[in-house]
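As a plain string of letters, each chain reads:
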Amino acid sequence: MCFHLSGTVTEPAIQSEPETVCNVAISFDRCKITSVTCSCGNKDIFYCAHVVALSLYRIRKPDQVKLHLPISETLFQMNRDQLQKFVQYLITVHHTEVLPTAQKLADEILSQNSEINQVHGAPDPTAGASIDDENCWHLDEEQVQEQVKLFLSQGGYHGSGKQLNLLFAKVREMLKMRDSNGARMLTLITEQFMADPRLSLWRQQGTAMTDKYRQLWDELGALWMCIVLNPHCKLEQKASWLKQLKKWNGVDVCPWEDGNHGSELPNLTNALPQGANANQDSSNRPHRTVFTRAIEACDLHWQDSHLQHIISSDLYTNYCYHDDTENSLFDSHGWPLWHEHVPTACARVDALRSHGYPREALRLAIAIVNTLRRQQQKELEMFRTQKKELPHKSITSITNLEGWVGHPLDPVGTLFSSLMEACRIDDESFPGFSDFTESLGQCKSLEYQRLPAHKFLEEGESYLTLAVEVALIGLGQQRIMPDGLYTQEKVCRNEEQLISKLQEIELDDTLVKIFRKQAVFLLEAGPYSGLGEIIHRESVPMHTFAKYLFTSLLPHDAELAYKIALRAMRLLVLESTAPTGDLTRPHHIASVVPNRYPRWFTLSHIESQQCELASTMLTAAKGDVRRLETVLESIQKNIHSSSHIFKLAQDAFKIATLMDSLPDITLLKVSLELGLQVMRMTLSTLNWRRREMVRWLVTCATEVGVYALDSIMQSWFTLFTPTEATSIVATTVMSNSTIVRLHLDCHQQEKLASSARTLALQCAMKDPQNCALSALTLCEKDHIAFETAYQIVLDAATTGMSYTQLFTIARYMEHRGYPMRAYKLATLAMTHLNLSYNQDTHPAINDVLWACALSHSLGKNELAAIIPLVVKSVKCATVLSDILRRCTLTTPGMVGLHGRRNSGKLMSLDKAPLRQLLDATIGAYINTTHSRLTHISPRHYSEFIEFLSKARETFLMAHDGHIQFTQFIDNLKQIYKGKKKLMMLVRERFG
């Protein structure tokens, strides 16, 4: 046998690099490469191309590789002179590399007490290892560590997550090939994961790790589970792994199994906790880490004789076995059953597959599925009996605190994958391993009849039907919603992944039968099923699964499809009256979930899935009045989110009004009914989509017909705010487009208009500030209604309305040809206004100017009445001077009512009302000047001088204005003489 292979590998030159020659050395031991060296210097987990090239050369051209005896044999044949020549030549050729070592060895050999002289003989690397020595494939441990460390440091960027998954896949490949390096490599990977500095950082900050990183930890835990469940591992190996796992498990930063939350799940090898401590507070229990399951799995073994028979033989049956107890070894067909905590049993299947025993994995998978089907039947029978015994007692229960979908060990996914693999591989081509039972020892003899493997399936069944059925059983299992964001997201993700795989399978008649059978089971199986009659309020909802069942069953059994979908619509966690009690039974039910307020982090996703299920039913029920009514009732009862109900209303509307067909009036009514529900739900709550919802509802009601529009206006106060009712609803209803769309006759138009006016007046009474103008607009064509609306405005003007609202309505009145009413409202508005000296850009200034212009146009009396209001409300000098100037340009009432021109003289500034306005304006300029000078800065000096110039223009309008202004300036010079530069500018301009 060749133990050492060395050679040179030449890499041809390429454009940028010259030809290179690499020296390669490879050691072998019992058909395995145990070590490699290459002068290329490339560092990688896998062998470099030169090592592979030399290995392939030796395999393909063995005759061209010269064989040598071990070097110790060659040396034995040499005499003393030859040995000396050999050593000296060796040192000469490699003197820089070996001379220090050669000198050291020579010194030790010449020293009688040296350690080297205490050992008989000398090592020979070319002679191979001892038969008792460990032998395994070469693995560059340092490179594994460096690569994993590098990938982790990249934090999921640059495809590092994908690279780490490839490493995990490599470990699985090694396990399948029975390469002992699989466990070694996983150990190295795990050590680097545990050394990741981000773990302690996240723990300190209380931050959750990223989802992708969390999934890598899950895979790490699952791989360790596979390794410790290796059916052929030695006890000392398992003990070594257990020690290492416990060490990692005890580290503070070791990630918990369920993310950042402690687990309330039972021990791996015991499906449910028993005894007095079953209800102990979860905070007192140690947290389960990603390694806990692997640690617990170290207690499992493969020595059970029944288990050995199941995995070792296709012919293991017992027709004479009549023990029909819950844990019987065979079913009524005589086929073997395997009773074990389901995730644990499925972990065995995964371990068998992972370690290269696909046939054995398949046998155990079939036994597990048959056990689950039998258990499902027993549960159904038990629940039916119980219902008869307790017909009036309301009961609810949990069958499993540990759901199989989303479970860390993915039991349903494991069974499904094992069975689907068997579908793709011809039975005879399974790589069976005859050595499987050899290391397990012989089983105890049992009486059983031998039948072909396919007899373990019902007539017409196949591995495919079995795979589909176990997926349906798992997806339909009633299970409690786990704690923590990550585990809840994982439940959703795994459910969707499993359904996605099922959707790839085309349903034939056989599979449809399976669907029907499971659908009936799920509806009738009570606490075993998530679709049972009564479930715990915190059970994982079935919306996503039910939608898949509904679409699959609909073409074949519509009645059953609707039963499933309608049953699944419930979302008890949002029901305040949902039952919380548990039914205590000794079988699969345990009352160990504390009565807590649920923290459902994925609730928004769950509600969207509920909405999708409802939308799917609405689409399917188009044209079926009875089904649409049933679906509508279900939506109104079970959906609690206004945004989702609004989406369903929109969906129903779209489906009902498809362009290629006449509108479906029943579906339109469903759409309207849902829209009305949304209006009621959001009436007193803030919703940023509210305006959109109101507009949509009017559109929907328009499609339904005139009676729907009339109805929503009659009951507006239960659906809309007064503002919405007037500005959107009534306005849209009264628009020409609505009249044209509905082809309304005069009578119908008047009926709608009457309802709109009634609505407008009611809204104006309730909220005059926001609805008065709309009410006036809507009532324009009806004199009595219009007068009523105007009176409502007058009544509210003194108390509840702002000057802005009153000015707006006043301008509208003038526009409609009611100047005196406009004037009345403008004077009311003025009483609410207050403009200070520095508000010369206030938005109300235009309204004040307009009101004064309106008063001026009406006549001297109106102007005289409004000026005192202006003087009282406006303290801004520039605004007052502008009003004063405009009033002196024309005679009041020059364009009076009905366009008649009035003759008369301009109003005198020395008499009321303009004298009062002039005095107020001068006073405002004086006050404003003093206010400005209190905090003036040099950069505002020139602006201030211009202000004084405008003030002088106003002063000069009075008969003694020149004297007043001079006195004013003299006062400024005296009071503000400290502002020398400013006063100098004042003297320059005004003397």
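Residues numbered from 1 in each chain as written. Predicted model: local features only at pLDDT ≥ 70, side-chain atom pairs only at ≥ 80, totals over all residues. Heavy atoms only, no water.

What the protein chain contains, in helices and strands, is 40 helices and three strands. Taken over 991 residues, the protein chain has a buried fraction of 48%. (Helix = DSSP H or I, 4+ residues; strand = E, 2+ residues; numbered from the N terminus. Buried < 20%, exposed > 50% of the residue type's maximum accessible area, 1.4 Å probe, protein only.)

Within the largest apolar cluster, 255 residues are counted, with the highest numbers of intra-cluster contacts made by I189, F193, W217, F291, L618, F720 and L825. Excluding residues within four positions of it along the chain, F720 makes contact with M679, L683, R690, V694, L697, I712, A725 and V729. Of all hydrophobic cores here, the second largest spans ten residues; its members include L5, V36, V51 and L54. (Core = buried A, V, L, I, M, F, W, Y, C linked by side-chain atoms within 4.5 Å. Contact = heavy atoms within 4.5 Å.)

Moving on, we come to the packing of helix α30 (residues 768–778) against helix α32 (residues 803–815). Where α30 meets α32, the closest approach of the two axes is 10 Å, and the angle between their N-to-C directions is 10°. For the element pair α30 / α32, the angle class is roughly parallel. Between α30 and α32, the residues in contact are Q769, N770, A772, L773, L776 and T777 and Q805, T808, I809, Y812 and M813, respectively. A per-class count over the contact of α30 with α32 returns six nonpolar, five polar and no charged. (Axes fitted to C-alpha atoms, helices over the stretch in contact; angles between N-to-C directions. Parallel < 35°, antiparallel > 145°, perpendicular 65-115°, else oblique. Nonpolar A, V, L, I, M, F, W, Y, C, P; charged D, E, K, R; others polar.)

On to the environment of S539, then. If you trace the backbone, S539 turns up in the loop between α18 (509–524) and α19 (543–553). Filtering out sequence-adjacent residues up to four positions away, S539 remains in contact with Q478, R479, I480 and W600. Looking at S539, its side chain comes within polar contact range of the side chain of Q478, at 2.7 Å. (Polar contact = N/O pair within 3.5 Å; in protein donor to acceptor, adjacent residues only side chain to side chain.)

The predicted model of the protein chain has a mean per-residue pLDDT of 84, with 86% of residues at 70 or higher. Every residue in residues 261–283 is under pLDDT 50, and counting partners more than four places away or in other chains gives 54 contacts. A low-confidence stretch, residues 578–597 (pLDDT under 50), is modelled with 53 contacts involving residues beyond four sequence positions or located in other chains. (pLDDT = per-residue confidence, 0-100.)

Note that G893 resides in the loop between α36 (877–887) and α37 (914–934). In the structure, G893 is positioned 37 residues away from H856 in sequence and 6.1 Å away in space, judged by C-alpha atoms.

Take helix α23 (residues 642–656) next. In a regular helix each residue adds 1.5 Å, so 15 residues correspond to 21 Å; α23 covers 21 Å between its end C-alpha atoms and thus fits that length. In terms of residue burial, α23 counts as a mostly covered element, since twelve of its 15 residues are buried. When we look at burial in α23, the residues that qualify are S642, H644, I645, F646, L648, A649, Q650, D651, A652, F653, I655 and A656. Looking at the buried side of α23, the elements it contacts are α21 (603–620), α22 (625–638), α24 (665–682) and α25 (690–704). (Expected span 1.5 Å × (residues − 1).)

Okay, the packing of aromatic side chains next. For the structure on display, the rule yields 20 aromatic pairs. Ring geometry for W202 versus Y213: centroids 5.3 Å apart, planes at 65°, classification edge-to-face. With W202 in helix α8 (residues 198–205) and Y213 in helix α9 (residues 211–228), the pair connects residues that are eleven residues apart, well separated along the chain. Among the residues examined, W202 registers a relative accessible area of 13% and is labelled buried. Here the aromatic cluster, defined as three or more aromatic residues joined through ring pairs, consists of F168, F193, W202, Y213, W217, W224, W248 and F291. The ring of W302 has R348 lying over it, and the distance from NZ or CZ to the ring centre is 5.0 Å. Between R821 and the ring centre of Y790, over which it is positioned, the NZ or CZ distance is 4.6 Å. (Phe/Tyr/Trp six-rings, centres within 6.5 Å; stacked < 30°, edge-to-face > 60°. Lys NZ or Arg CZ within 6 Å of the ring centre and 35° of its normal.)

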